[in-house]
Structure formats: structure tokens, C-alpha cells
Amino acid sequence: MKIGNLLLDGQVCTAPMAGITDKAFREILARQKPALIMTEMISDQALLYENEKTHFLADLTGENYPVGIQLCGSNPAYLADAARILAQKGACLIDINMGCPAPKIVKNGEGSQIMRHPALAAELVTAVKNAVSIPVTVKMRKGWSAEEENFLQVGKAVAKAGADAITLHGRYREQFYSGNADWESIARLVREVPVPVIGNGDIFSPQDAQKMLMETGCAGIMIGRGMLGNPWLVGDTVTFLQDGKMPENHRQQELFLTMRDHLQRHVQLWGEKKGIPQMRKHLAWYVKGLPKAAQFRQELNNQTSLQEVLILLANYEEELAKRRLHT
Ligand SMILES: Cc1cc2nc3c(=O)[nH]c(=O)nc-3n(C[C@H](O)[C@H](O)[C@H](O)COP(=O)(O)O)c2cc1C
């Protein structure tokens, strides 16, 4: 897939996810060889006001794979200044968030609120394009609500302003994550804008990805919730799209190895005090559907050190192995 002057290897992108796609998880995802890995959204103002945590979130040191940084903001001058800083951090592209539905974001005039102001959307793209030489992309929804559906208008406006690609999540802001993503809207955008469209929403299997590519004609696909606790979905999708074969069950083989690896990377990044509570959600996603997962999750809530969680994982792995022997 080509985005502006950037040639990406493949069509599978991983979604920006706040509180989830930090460096530790990106390193886990990178092994699955997606074409593009996104950071979580980074606030332009927090970056400009030298907020330590924001700089930490935008740090790409040691990441030798294509990482795009997503920016969140609504002031063209701030967004441009923040983009300049981020381009120096080694991002392969800058994405502008026009899809976040969270109340605290839209109240600020950011995220999906920007879609209500197509001229501002274009202005933001122009400002960032003028500030950096790397590609600039936009991630958006279908509009604020069914009454305010305007993704074609906004899509055309940002493409005209120089956006090098557009990711469309086929839902309205008012839907948050409810209902089904509307892939027909992705197909409509593909027909109407001259830049690559990355389709997003409800890809939970490699077959879903293939179906979206075929039904919509989009240039690439983006996976979000499906990769939570299941980074293998990304690699399996890459393989399936390349040679049409469903890979073997990597999840079963690599589950505990990956959980330990993710945990250790996460704690190294954040420290035990913050890292262990943050990792609980990831570990719960990893074990979803396994026998005694509820008990594991409950015990996990009482653990506060890396050592304790590693022991809990080892015991759980052993217990599952024993169960397999007896069945
Ligand atoms: C917990 C969570 C955090 C998210 N954070 C972001 C974000 O920071 N920026 C963004 O553009 N979208 C964000 N999204 C939306 C996803 O990138 C994606 O558009 C959405 O989940 C639909 O794709 P999916 O059906 O594959 O999950 C987030 C979604 C979830 C569930």
C-alpha cells in the first residue's frame, strides 16, 4: 500500500487505541508484521506544554518498524507545531484524529466533533501538511449522527487539502461502538476520493479482512478490538491475504510466551506500580474463553508485583496443560 511517498509492505494496519497501543504492545504487534502500526492518540496541547507523560507516549526509540503517530487537536497552529515535534521522533506518518467519540474529547472541539466543521478539517490537514514532509492521514467516522452524515464531504475536503490517505470507521459518533460497522460507507468513500482509503470496523478474522477488501475496494484495512489479547489475528490476516491459507493455531502455541513477554515489556516501560494494574486488562483479554479464566482474573486482581503475576501465569499454564492431558 502506498500512502503519499511512503511505501508500506502489505495492507494490514493496527488501529490507534488509547491506553492500549503503547510501545510494549506495539513491540508485540510488530512481530506479526503488519504494514503499519499506530500509536494511541497524542494530544497536541499536552505535547506542546511539555507534558512528560505525553512525550513518553510519543517516544518511538528502538522501534524499527513503520509507526504512525496519531495527533488529537483542533487548532491548526498547535497541531502543526505538535506534528513537527512528532516527525522528529521518527514517525512514518502523522494521522489526525477526527473520529474519537469520547465526551471529554468532543467537548474540547476535538475528535469526531471536527467532522461537524468540514472547513476546519481541511484547515487542520493543510496546516500539518505544511509543517512536515512525511505523509499526513485522517481517521474519521461516518459523521456525527445519521442526521449529520457527511463523511463524503469531509473526505473530499481533507483529500483536497492534501491528506495522503483516509481511514474510515463505518460508524457515527453517536453510535460509539454499538451496532455493526457499515462497510458500504467505506466503498462509497473509495469511489469518491482520489487517495487510498483504509477500511476500519468489525474485523475479527482474516476472512473479515478479505471480505472488506473485496466488498469495498479499500487499499488497506485496520484492525482494532480484534487484536486485544489476540495479536496473532494481525499476523494471521497478513498471511491469509498473502497466500489464502489459514495459518496454524499460533495462539495456542504462543499464548503464555506472549503474555509473559508483553507483561515484562509493559512493566519495564511503566514500572510495577502503574504497569501491573494496567496489564490486568490485557491479560484478561488473552485468557478470554479459556477454562477457569474467571478465577485467573480474580486472582490477578490481588497481585501487585511482576514476580507474583509471573507465578500466577506459570500455575495457570500448568493447570491448563494438566487439563489437556486428562481430556
Ligand atoms: C479502547 C479503545 C481505544 C481507542 N482509542 C482510539 C484512539 O486513540 N484513536 C483513534 O483514532 N481511535 C481509537 N479507537 C477506535 C479504534 O481505532 C477503531 O477505530 C475502532 O475500535 C473500530 O475498529 P474495530 O472494530 O476493529 O475495533 C479506540 C477504540 C477502543 C475500543
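Right, let's walk through the structure included here. Sequence positions are assigned chain by chain, starting from 1 and proceeding in written order. At least 70 in pLDDT is required for a residue's local features to be given in this predicted model, at least 80 for side-chain atom pairs to be given and counted, and no such filter applies to totals for whole chains, interfaces and linings, which use all residues. Neither water nor hydrogens contribute to the side-chain values; these are computed over all heavy atoms in the structure.

**Thoughts on the site of the ligand**
Put simply, the test is: Only a single heavy atom is needed: when it lies within 4 Å of a molecule or strand, its residue is near that molecule or strand. In protein, a polar contact requires one atom able to donate a hydrogen and another able to accept it; more generally it is a pair of N or O atoms within 3.5 Å, and residues adjacent in sequence count only if both atoms are side-chain atoms. For the accessible areas, the method is Shrake-Rupley and the probe is 1.4 Å, while residue cover comes only from the protein chains on display. Throughout, the ten residues Ala, Val, Leu, Ile, Met, Phe, Trp, Tyr, Cys and Pro are labelled nonpolar, Asp, Glu, Lys and Arg are labelled charged, and all others, Gly among them, are labelled polar.
Taken together, 17 residues are adjacent to the ligand, and Gln70, Lys139, Asn200, Asp202 and Arg225 come closest. The backbone of Asp202 places a nitrogen or oxygen atom 2.7 Å from an oxygen atom of the ligand. Between an oxygen atom of the ligand and a main-chain N or O atom of Gly224, the distance comes to 2.9 Å. Expressed as a share of its isolated accessible area of 610 Å², the protein-covered part of the ligand is 88%. Of the residues that constitute the shell around the ligand, the class distribution is eight nonpolar, six polar and three charged.

**Observations concerning the packing of aromatic side chains**
Our working definition: A pair of Phe, Tyr and Trp rings is counted when the ring centres sit within 6.5 Å of each other, with Trp represented by its six-membered ring. The angle between the planes then sorts it: under 30 degrees is stacked, over 60 is edge-to-face, the rest tilted. Only DSSP runs of H or I with at least four residues qualify as helices, and only runs of E with at least two residues qualify as strands; both kinds are numbered from the N terminus onward. Accessible area is worked out with a 1.4 Å probe on protein chains only. A residue is then buried under 20% of its type maximum, exposed over 50%, and partly exposed in between.
Tallied over the entire structure, the rule returns four aromatic pairs. On the numbers, 6.2 Å between centres and 70° between planes, the contact of Trp232 with Tyr286 is edge-to-face. Of this pair, Trp232 sits in helix α10 (residues 232-243) while Tyr286 sits in helix α12 (residues 272-287); the two residues are 54 residues apart in sequence, bridging distant segments of the chain. The residues Trp232 and Tyr286 share a single accessibility class, namely buried. With centroids separated by 4.7 Å and ring planes inclined at 15°, the aromatic side chains of Phe296 and Tyr316 adopt a geometry described as stacked. With Phe296 in helix α13 (residues 293-300) and Tyr316 in helix α14 (residues 306-325), the pair connects residues that are 20 residues apart, well separated along the chain. A relative accessible area of 3% places Phe296 in the buried class.

**Some points on the packing of helix α1 (residues 23-30) against helix α11 (residues 250-270)**
Rules: Axes, fitted as lines to C-alpha atoms, cover a helix only where it is in contact. Angles between the N-to-C directions of the axes lie from 0 to 180 degrees. By the definition used in this description, the sense in which the near helix is turned from the far one sets the handedness, with an anticlockwise turn below a right angle giving left-handed and a clockwise turn giving right-handed. A contact between two residues is defined here by any heavy atoms of the two lying within 4.5 Å.
For the pair α1 and α11, interaxial distance at closest approach is 8 Å and the crossing angle is 145°. For the pair α1 and α11, the sense of crossing is right-handed. For the pair formed by α1 and α11, the contact residues are Lys23, Ala24, Phe25, Glu27 and Ile28 on the first element and Thr258, Asp261, His262, Arg265, His266 and Leu269 on the second. Classifying every residue of the contact of α1 with α11 gives four nonpolar, three polar and four charged.

**Considerations on unusual backbone geometry**
Despite not being glycine, Lys33 has its phi angle at roughly 55°, a positive value. The backbone of Lys292 shows a phi angle near 60°, a positive value even though the residue is not glycine. As for its placement among the helices and strands, Lys292 is situated in the loop between α12 and α13.

**Side note on the packing of α13 against α14**
We count it as follows: Here the angle decides the label: under 35 degrees means roughly parallel, over 145 means roughly antiparallel, 65 to 115 means roughly perpendicular, and every other value means oblique.
Interaxial distance between α13 and α14 falls to 11 Å at its minimum, and their mutual angle equals 165°. By the angle between their axes, α13 is roughly antiparallel relative to α14. Crossing of α13 against α14: the hand is right-handed. In contact with Ala293, Phe296, Glu299 and Leu300 of α13, α14 contributes Val309, Leu312, Leu313 and Tyr316. Residues of the contact of α13 with α14, tallied by class, amount to seven nonpolar, no polar and one charged.

**Some remarks on the environment of Leu124**
Tracing the backbone through its elements, the reader meets Leu124 in helix α6 (residues 118-131). When its relative accessible area of 0% is taken as the criterion, Leu124 is described as buried. Placed 34 residues apart in sequence, Leu124 and Val158 show a C-alpha to C-alpha distance of 8.6 Å. Apart from the residues within four sequence positions on either side, Leu124 is in contact with Gly73, Ser74, Asn75, Pro76, Leu79, Ile96, Met98 and Ile114.

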